[in-house]
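Residues per chain, in single letters:
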Amino acid sequence: MRAVNRHAPDKESDMNPLKQLHQEGQSVWLDYIRRSFIESGELKQLVNEDGLRGITSNPKIFMKAITGSDEYDQQIRQLIEDDPHIKTADLYEAIAITDIRAAADVLRDVFDQTEGGDGFVSLEVSPNLAYDTDATIGEARRLWKTVDRPNILIKVPATQEGIPAIETLLAEGININITLMFSMRHYEAVAQAYLRALERAENPARVSSVASFFLSRITRAVDQALDEYGSEEADSLKGKIAIANAKVTYERFRQLFDGPTFQELRARGARVQRVLWASTSTKNPDYSDVLYVTELIGPDTVNTMPPKTLNAFRDHGQVSGATVLDGIEQAHAQLENLAALEISLDEITEKLQKEGVKKFQDPFDQLFEALEEKRTNIETQRVACQTLRLAEAEDPVQQRLDRWQDARFAARLWRKDPTLWFDEPREEISDRLGWLDLPPAMHAELDELNCFATELKQEGIKHLVLLGMGGSSLAPEVFARTFGSAAGYPELIVLDSTHPKAVQQVERAIDLPKTHFLVSSKSGTTIETLSLFRYLFAAVGGFAQKAGKHFSAVTDPGTPLEKLAVDRKFRRAFRAPADLGGRYSALSQFGLVPAAAIGMDVHEFLDRAWTLTESCAFCVPASKNPALRLGAALGELAHQGRDKLTIITTSSLSAFPDWLEQLLAESTGKDNTGIVPVVGESLSEPDNYADDRTFVYLKVRDDSEGDVPRRLQALEKLGHPVIEICLRDKYDLSQEMFRWEMAVAAAGAALGVHPFNQPNVESAKQLAREAMQGDCADASEIETLDASAVDKVSRSLSKLISEAQAGSYFAIQAYVAPTTRADELLQEIRRRVGRPHKMATSFGYGPRFLHSIGQLHKGGPNTGLFLQIVDESPDDLPVPEADFTFRQLIQAQARGDYQALAQRGRRILRVNVGEDAIAGLKQLAEALA
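Residue positions are given per chain, counted from 1 along the sequence in the order it is written. Owing to the predicted nature of the model, reporting of local features is limited to residues with pLDDT of at least 70; listing and counting of side-chain atom pairs is limited to 80 or more, with chain, interface and lining totals taken over all residues. Only hydrogens and water are set aside; all other atoms, that is, all heavy atoms of the structure, feed into the side-chain values.

1. Topic: the overall build of the protein chain
Stated precisely, the cut-off is as follows: Secondary structure follows DSSP: runs of H or I at least 4 residues long count as helices, runs of E at least 2 residues long count as strands, and numbering of each begins at the N terminus. When we talk radius of gyration, it's over C-alpha atoms, and the globule rule is simply 2.2 Å times the number of residues to the 0.38. Using a 1.4 Å probe on the protein chains alone, a residue whose accessible area is under 20% of its type maximum counts as buried, one over 50% counts as exposed, and one in between counts as partly exposed. Each accessible area is a Shrake-Rupley estimate made with a 1.4 Å probe; only the visible protein chains count as cover when residues are assessed.
Summing up its helical and strand segments, the protein chain has 39 helices and 23 strands in all. Against the globule reference of 30 Å for 929 residues, the protein chain gives a C-alpha radius of gyration of 30 Å, in line with a compact fold. Along the first, second and third principal axes, the C-alpha set of the protein chain runs to 105 × 65 × 55 Å. Taking all 929 residues of the protein chain together, 62% fall into the buried category. Of the roughly 35000 Å² of accessible surface on the protein chain, a fraction of 46% belongs to carbon and sulfur atoms.

Spelled out as structure tokens, the structure:
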């Protein structure tokens, strides 16, 4: 066994947990590669600052890098020019080998300093050859010769057919990374093949190998089996078996390489075959995000981490000795206890290896498909997806990007560095950046989500009613309106209004016995959501003995809603990551559970987003990062007074702006600054707009565009900035969600605001609670005009509008039941205010808008003119298990919001449209005539 360096660590090593791992004999490798990562100097920096000693790669990583950016386009274009008939396989190989060689050259110093013991880069043999011994041997030989670097490892899977190939290749002096090991049986076969190869090798000292043992996939598979077993003893083993399996495997490693078996080979200069811990990203939020690092530290091991895990361990990892040596007896006992439950780890691991090969094969095939599409795009010179035409903001935006590049903004963002926004860490920054990891991380949850969807489909569920507000409801509503429901899947209805008529409308539209309800709340305490739940739970209880079976929940771990789901025996309780805010949760369970339930291809949807993350990766220069370019534009345009972001879409994307409105308003609207999203305004002639506008145009490639391009060109000629984004199809919507999340977070840094909190939302909630308890002004104490008094309303509206100044906007807050006719009348009111006065307008239904644009109204710039519309609906519904009705609730929320605005010095007019809301809205529109 190699001696572990036990010298006292230097000061830097003592501070950096990643370097401390090296003190315990463990090498840190990174499971990631792409060209900009190497060329930008990020790889070299990790080597120098964190002691990185190797890289692993796989087809999925290459696929996302190649398809998610343009950094390979120049090489692809040159390769096609050199050989117009080049095969896709040769195209991929030329790209991959360029990166592998470049990374190997960066790590060559490590390789030389360790005399060939470390500093490796791993390249994979085609996974389609996993069950073909001879083909694997031939391909590995060819790759080894082609790459022509001594510090590469050819990756070969530990299948039954792969073992003899591994032995042959090692005996020839070709370095091998044996992958897809899940069990002791796999390890034993690999280790024995290595020993036999050394016996055959002409010079064993030249042979290097690692045996990659997978972890998190075992945890997930075993935990599922334990959940099905469902006992206290089974629960006690959850999250422990992968670690136990690894520790007993490492025990066997020590027996083989520390004992007499290896002594003779050691004398000939042979190295041990180090165990490499792979699949080290923790999937279950209940477990530590550095679990597979902390528990498996030890001599002669490698831990290859994805960037997320490496950053997490650098940030809060702790090194307390060789933990892989601890608890061996306990590890054996845990494996024995698992067997006693008649859960076969051997069966699970054999299945995992087969699935592992498939999970390598599918991305490899997809990579070739993506390369074909990339090739077509380059050959036809299609326009880039995002185009920024920024007029006078061009130079300030470029200067902002240059500053961000100098400050390593992207790398620090992916490291979740809170000082990007403020000099000192602040609450709700460090623990609100989990959205960055969702596109790859959520893939592990999709089987469960699709299983849930299949259950609903097979049971003939006709409607899925989502009860939620704001971030819990907006993305699902976008999905329902954009994609509809696949054949046989339920129709999704979002109920996010507490108006009694809205509740009645949904109740009349569904067949209760054939309806499933999804109660969605991050905090688990949202009063609107819980009130709707109580009402509908009582309704279901009228015919079903097991009412809970008709309900599922989506919430954060440990919330009151999770407890409620257990107490009321819900069908499911989906727990979302806690380290992200509601408006950043679209690609988590909050968006994906309902997406799966209506039959969306959630795998494809997440994959699209994952591709976009690669164009925004930590190593991509700021000027080429589409999200940072967009964020810089949003911030600098707002600084120039163009803070009214007018969002136009083609028909396929008409629902998307409602989600984007919340993201922009809640994230930027605070500290008397902010970007005002303008949603639902039809595009008018250029002379109807003031110079406070920026226009965003989102389109799907094959959608009809009508007159929009002409009008945008006219706006450009007058100096209005135009941002244009073209999607291939509707599934690119996930890319837009991630693009805008990162862009808005970056814009927050440019504006100097906290993008993840909502400090003024709570004030309206508190005032609403006081109104419910009779502790604040009732409606009689708030000046309220009657819509039927048309002349008086007209004069009051004129007075309100006369207070408009440059940069003002007009916001309608309608506490009425959402209907198609109400939509039409409210839009007419917007037009009658906006166009004559060249003023941006918005409208939202209460209390829904309180969870979307309400933060901007109170915390943003004091440029808003507010029209609050209330009614006196004769209908009312009691809220079971509460001492109030829905009418009392919505009235209290309107009063609370009015007072919150008044306390902030906002200009507001309140109009009552009476019992017949539609008639009252007509009168209100007449007052503006």
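Next comes the rest of the description.
2. As for the pattern of salt bridges
Selection criterion: Any Lys or Arg side-chain nitrogen found within 4 Å of a carboxyl oxygen on Asp or Glu counts as a salt bridge.
Counted according to the given criterion, the structure contains 65 salt bridges. Here R196 makes a salt bridge to E167, at a shortest N to O gap of 2.9 Å. With R196 in helix α11 (residues 184-200) and E167 in helix α10 (residues 162-171), the pair connects residues that are 29 residues apart, well separated along the chain. By relative accessible area, which is 38% here, R196 ends up partly exposed. Residue E167 is classed as buried on the basis of its relative accessible area of 13%. With a shortest N-O distance of 2.0 Å, R575 and D286 are connected by a salt bridge. Here R575 is found in strand β14 (residues 572-575), whereas its partner D286 is found in the loop between β7 (274-278) and α16 (291-294), with 289 residues between them in sequence. R575 sits in the partly exposed class, given a relative accessible area of 25%.

3. What about the sheet that holds strand β10 (residues 463-467)?
Counted only if it meets this: The criterion for strand pairing is that DSSP finds at least two bridges linking the strands in question. Throughout, an axis means a line fitted to C-alpha atoms (over the contacting stretch in the case of helices), and angles, computed between N-to-C directions, take values from 0 to 180 degrees. Residue contacts follow a heavy-atom distance rule, with two residues in contact if any of their heavy atoms lie within 4.5 Å.
What the five strands build is an open sheet, ordered β11-β10-β12-β13-β14; its pairing is parallel. Since the sheet does not close on itself, it has two edges, and those belong to β11 (491-495) and β14, each with one partner. The mean inter-strand angle of the sheet, taken between neighbouring strand axes irrespective of direction, is 20°. The strands that helix α25 (residues 500-509) touches are β10 and β11; relative to β11, the one it contacts most, it runs at about 160°. Strand contacts of helix α26 (residues 527-541): β10, β11, β12 (515-520) and β13 (551-555), with the helix running at about 155° to β12, the strand carrying the most contacts.

4. With respect to the sheet that holds β7
Around the barrel, eight strands lie side by side as β1-β2-β3-β4-β5-β6-β7-β8; this closed barrel has parallel pairing. Averaged over all adjacent pairs, the angle separating strand axes in this sheet is 30°, with direction ignored. Bridge count between strand β6 (residues 209-214) and β7: five bridges; the pairing is parallel. Bridge pairing in β7 places S212 opposite L276.

5. A word on the packing of helix α31 (residues 656-668) against helix α33 (residues 733-751)
The condition that has to hold: Orientation is classified from the angle alone, with under 35 degrees giving roughly parallel, over 145 giving roughly antiparallel, 65 to 115 giving roughly perpendicular, and any other angle giving oblique. Helix crossings get a hand from a simple test, with the near helix turned counterclockwise from the far one by less than a right angle marking a left-handed crossing and a clockwise turn marking a right-handed one. Any residue that is not Ala, Val, Leu, Ile, Met, Phe, Trp, Tyr, Cys, Pro, Asp, Glu, Lys or Arg is counted as polar, Gly included; the first ten are nonpolar and the last four charged.
Running from N to C, α31 and α33 point in directions that differ by 20°, and their axes come no closer than 10 Å. Taken together, the axes of α31 and α33 are roughly parallel relative to one another. For the pair α31 and α33, the sense of crossing is right-handed. Where α31 abuts α33, its residues F656, W659, L660, L663, L664, S667 and T668 lie against L733, E736, M737, W740, E741, V744 and L751. Residues that form the contact of α31 with α33 fall into these classes: 10 nonpolar, two polar and two charged.

6. A closer look at the nonpolar core
As a reminder of what qualifies: By nonpolar core is meant a set of buried Ala, Val, Leu, Ile, Met, Phe, Trp, Tyr and Cys residues that side-chain atoms within 4.5 Å join together.
Formed by 235 residues in total, the largest nonpolar core has its most connected members in W435, W659 and W740. In terms of residues, this core owes the most to one element, α33, which gives 13 residues. Filtering out sequence-adjacent residues up to four positions away, W435 remains in contact with D579, L580, Y584, F738, E741, M742, A745 and F756.

7. Focus: helix α23 (residues 446-458)
Test applied: Expected span of a helix: the number of residues minus one, times 1.5 Å. Directions from the helix axis toward the C-beta atoms define the arc.
Under the 1.5 Å per step criterion, the end-to-end length of α23 is 18 Å for 13 residues, consistent within 8% with the ideal 18 Å. Restricting attention to buried positions, one finds in α23 the residues L446, L449, F452, A453 and L456. Down the axis, α23 shows its buried residues gathered within 125° of arc, on one side only. In α23, the exposed positions that point more than 90 degrees away from the buried face belong to D447 and Q458. Looking at the buried positions of α23, the neighbouring elements they touch are β10, β12, β13, β14, α28 (589-597) and α29 (602-615). Immediately beyond the C-terminal end of α23, within one or two residues, lies G460, with a positive phi of roughly 75°.

8. Some thoughts on the environment of P500
Structurally, P500 can be placed in helix α25. On the accessibility criterion, P500 (1% relative accessible area) is buried. Considering only alpha carbons, one finds P500 and T613, 113 residues apart in sequence, at a separation of 42 Å. Aside from chain neighbours lying at most four places away, what touches P500 is S873, D875, D876, L877, F886 and R887.

9. Quick look at unusual backbone geometry
In this chain, G846 is followed by P847 through a cis amide linkage whose omega measures 5°. The phi torsion at E342 lies on the positive side, around 65°, for a residue other than glycine. As for its placement among the helices and strands, E342 is situated in the loop between α18 (328-340) and α19 (345-380). The exposure class assigned to E342 is exposed, which follows from its relative accessible area of 75%.

10. Here we look at helix α14 (residues 241-258)
An α-helix turns once every 3.6 residues. As a result, residues three or four positions apart point the same way. If you check α14, its first and last C-alpha atoms are 25 Å apart, about what 18 residues at 1.5 Å a residue would give, namely 26 Å. With respect to burial, α14 is a largely interior element, 13 of its 18 residues being buried.

11. Some words on the packing of aromatic side chains
Selection criterion: Note on aromatic pairs: the rings of Phe, Tyr and Trp (six-membered ring only in Trp) are paired at centre separations within 6.5 Å, and the planes decide the class, stacked below 30 degrees, edge-to-face beyond 60, tilted for the rest. As a reminder, the over-ring test applies to NZ of lysine and CZ of arginine, requiring each to be within 6 Å of the ring centre and within 35 degrees of the ring normal.
For the structure shown, the criterion picks out 38 aromatic pairs. Centre to centre, the rings of Y194 and F257 are 6.1 Å apart; their planes meet at 50°, and the pair counts as tilted. Placement of Y194 in helix α11 and of F257 in helix α14 is noted, with a sequence separation of 63 residues between them. On the basis of relative accessibility, which here comes to 0%, the residue Y194 falls in the buried class. A ring pair is formed by F537 and F551, whose centres lie 5.4 Å apart and whose planes are at 50°; its orientation type is tilted. Taken together, the residues F537 in helix α26 and F551 in strand β13 connect sequence positions 14 residues apart. A relative accessible area of 0% means that F551 is categorised as buried. Members of the aromatic cluster, connected to one another through ring pairs, are W414, W421, W435, Y584, F738 and F756. Positioned above the aromatic ring of F537 is the side chain of R568, whose terminal nitrogen or guanidinium carbon lies 5.0 Å from the ring centre.

12. Let's talk about the environment of S802
Relative to the assigned elements, S802 resides in helix α35 (residues 790-802). Residue S802 is classed as exposed on the basis of its relative accessible area, which comes to 56%. C-alpha separation for the pair S802 and H837, spaced 35 residues apart in sequence, amounts to 9.6 Å.

13. Focus: the pairing of strand β1 (residues 26-31)
With five of six residues buried, β1 is to be regarded as a mostly interior element. Relative to strand β8 (residues 301-305), β1 runs parallel, the two sharing five bridges. Residue pairing across strands places V28 opposite N303, the latter belonging to β8. Taken together, the three bridges between β1 and strand β2 (residues 54-56) define a ladder with parallel strand orientation. Across the sheet, W29 pairs through a bridge with G54, a residue of β2.

14. With respect to the environment of L733
The residue L733 is located in helix α33 in this model. Among the residues examined, L733 registers a relative accessible area of 1% and is labelled buried. The spatial distance from the C-alpha of L733 to the C-alpha of L653 is 8.2 Å, given a sequence separation of 80 residues. When residues no more than four places from it in sequence are discounted, the contact partners of L733 are V478, F479, T482, F483, F605, L653, F656 and L727.

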